[in-house]
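# Structural overview for review
Chain residues, written in single-letter form:
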Amino acid sequence: MMALTQDELLAEFEGMTLIQLSEFVKAFEEKFDVTAAAATVVAGPAGPAAPAEAVEEKDEFDVILTGAGEKKIQVIKVVRELTSLGLKEAKDLVDGTPKPVLEKVNKEAADKAAEALKGAGASVEVK
């Protein structure tokens, strides 16, 4: 089986309906035991976020961008590297701080993401 390039995959996703894409994301999450929470932030306008439930054992962390700092373009680039967001969505996320960049990731991933964002000049909280 020949592997598809990233551009070929994106072209395939582009042709899918939102329902098909949602079903794919669910299947992907189940297959690889991951959560694509960051991608769902872009799905469209939603009501206010529900308050996070208290977690007894802290094994999932959210990386919250609290400020872009002076190097906003660098921060946008890092947000795009950490998520599957497009340029406009990443810019909107950075402009709308405080916003979650990654949600329900393990400690190592949260620390790496926070470090990358801070390296670009952003203010970050890991919760």
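Chains are numbered independently. Their residues run from 1 in the order of the written sequence. With pLDDT at 70 or above as the cut-off, local features in this predicted model cover only qualifying residues; side-chain atom pairs require 80 or more to be listed or tallied, and sums for whole chains, interfaces and linings still use all residues. Side-chain metrics rest on all non-hydrogen atoms present in the structure, leaving aside hydrogens and water.

This part takes up the overall build of the chain. Working definition: helices are DSSP H or I runs of at least four residues, strands are E runs of at least two. Numbering for both runs from the N terminus. What the chain contains, in helices and strands, is six helices and three strands. When the helices and strands of the chain are read in sequence order from the N terminus, they spell out α-α-α-β-α-α-β-α-β. Scored against the burial criterion, the 127 residues of the chain give a buried share of 21%. In this analysis, two residues are considered to be in contact whenever any of their non-hydrogen atoms come within 4.5 Å of each other. Contacts in the chain between residues far apart in sequence, at least 24 positions, make up 67% of those at least 6 positions apart. Only the protein chains shown count as cover for residues, with accessible areas throughout obtained via the Shrake-Rupley method and a probe of 1.4 Å. Taken as a whole, the chain presents about 9,500 Å² of accessible surface, with 55% of it coming from carbon and sulfur. The rule is simple: take the accessible area with a 1.4 Å probe, protein chains only, and divide by the maximum for that residue type; under 20% is buried, over 50% is exposed, in between is partly exposed.

Looking now at the sheet that holds strand S2 (residues 99–105). At least two bridges found by DSSP between two strands are what make those strands a pair. Spatially, three strands are ordered S2-S1-S3 in an open sheet, and the strand pairing comes out antiparallel. Looking at strand neighbours, the two that pair on one side only are S2 and strand S3 (123–126), the edges of this open sheet. Each strand axis lies, on average, 20° off the axis of its neighbour in the sheet, ignoring direction. Relative to S2, strand S1 (residues 61–67) runs antiparallel, the two sharing four bridges. Residue pairing across strands places Phe-61 opposite Val-105, the latter belonging to S2. Think of each axis as a best-fit line through the C-alpha atoms, taken over the contacting stretch in the case of a helix, with angles from 0 to 180 degrees between the N-to-C directions.

Looking now at the confidence of the model for the chain. Detailed reading of the predicted model is not advised wherever pLDDT is low. Across the chain, each position has a pLDDT score giving the predictor's confidence in that residue, from 0 to 100. For the chain, per-residue confidence averages 77 on the pLDDT scale, and 81% of positions sit at 70 or higher. The least confident element of the chain, judged by mean pLDDT, is helix H3 (residues 37–40) at 50; the most confident is helix H5 (residues 87–95) at 86. pLDDT under 50 marks residues 39–47. Its contacts with residues more than four places away, or in other chains, come to four contacts.

Attention now goes to the pattern of salt bridges. Salt bridge criterion: a side-chain nitrogen from Lys or Arg within 4 Å of a carboxyl oxygen from Asp or Glu. This model, assessed by the stated rule, comprises five salt bridges. Between Lys-107 and Asp-111 there is a salt bridge; the shortest N-O distance is 3.3 Å. Of this pair, Lys-107 and Asp-111 are both found in helix H6 (residues 107–119), four residues apart, which corresponds to roughly one turn of the helix. Residue class for Lys-107 comes out partly exposed when judged on its relative accessible area of 44%. For Asp-111, a relative accessible area of 34% corresponds to the partly exposed category.

Next up on the list: the nonpolar core. Of all hydrophobic cores here, the largest spans 22 residues; its most connected members are Leu-65, Val-75, Val-79 and Leu-117. At the level of elements, S1, helix H4 (72–82), H5, S2 and H6 are the ones that each hand at least two residues to this core. As used here, the term nonpolar core means buried Ala, Val, Leu, Ile, Met, Phe, Trp, Tyr and Cys residues forming a set that is joined through side-chain atoms within 4.5 Å.

The next thing to look at is the packing of H4 against H5. One can describe the packing of H4 onto H5 by two numbers: an axis separation of 9 Å at closest approach and a directional angle of 120°. For the element pair H4 / H5, the angle class is oblique. Here H4 and H5 pass one another in a crossing that is right-handed. Along the contact surface, H4 presents Lys-72, Val-75, Ile-76, Val-79 and Arg-80, while H5 presents Leu-87, Ala-90, Lys-91, Leu-93, Val-94 and Asp-95. Residue composition of the contact of H4 with H5, grouped by class: seven nonpolar, no polar and four charged. Orientation categories follow fixed angle ranges, with anything under 35 degrees roughly parallel, anything over 145 roughly antiparallel, 65 to 115 roughly perpendicular, and all other angles oblique. Whether a crossing is left-handed or right-handed is set by the direction in which the near helix is turned from the far one by less than a right angle, anticlockwise for left-handed and clockwise for right-handed. Under the grouping applied here, Gly and all other residues not named as nonpolar or charged are polar, the nonpolar ones being Ala, Val, Leu, Ile, Met, Phe, Trp, Tyr, Cys and Pro and the charged ones Asp, Glu, Lys and Arg.

Let us look at the side chain of Thr-83. Examined against the element boundaries, Thr-83 turns out to sit in the loop between H4 and H5. Classification of Thr-83 by relative accessible area gives buried; the value is 12%. Polar contacts involving the side chain of Thr-83 include one to the main-chain carbonyl oxygen of Val-79, which spans 2.8 Å. At 3.2 Å, the side chain of Thr-83 and the backbone nitrogen of Leu-85 are in polar contact. As used in this structure description, the phrase polar contact means that two N or O atoms lie within 3.5 Å; if the pair is within protein, one of them must be able to donate a hydrogen and the other to accept it, and residues adjacent in sequence are counted only when both atoms belong to side chains.

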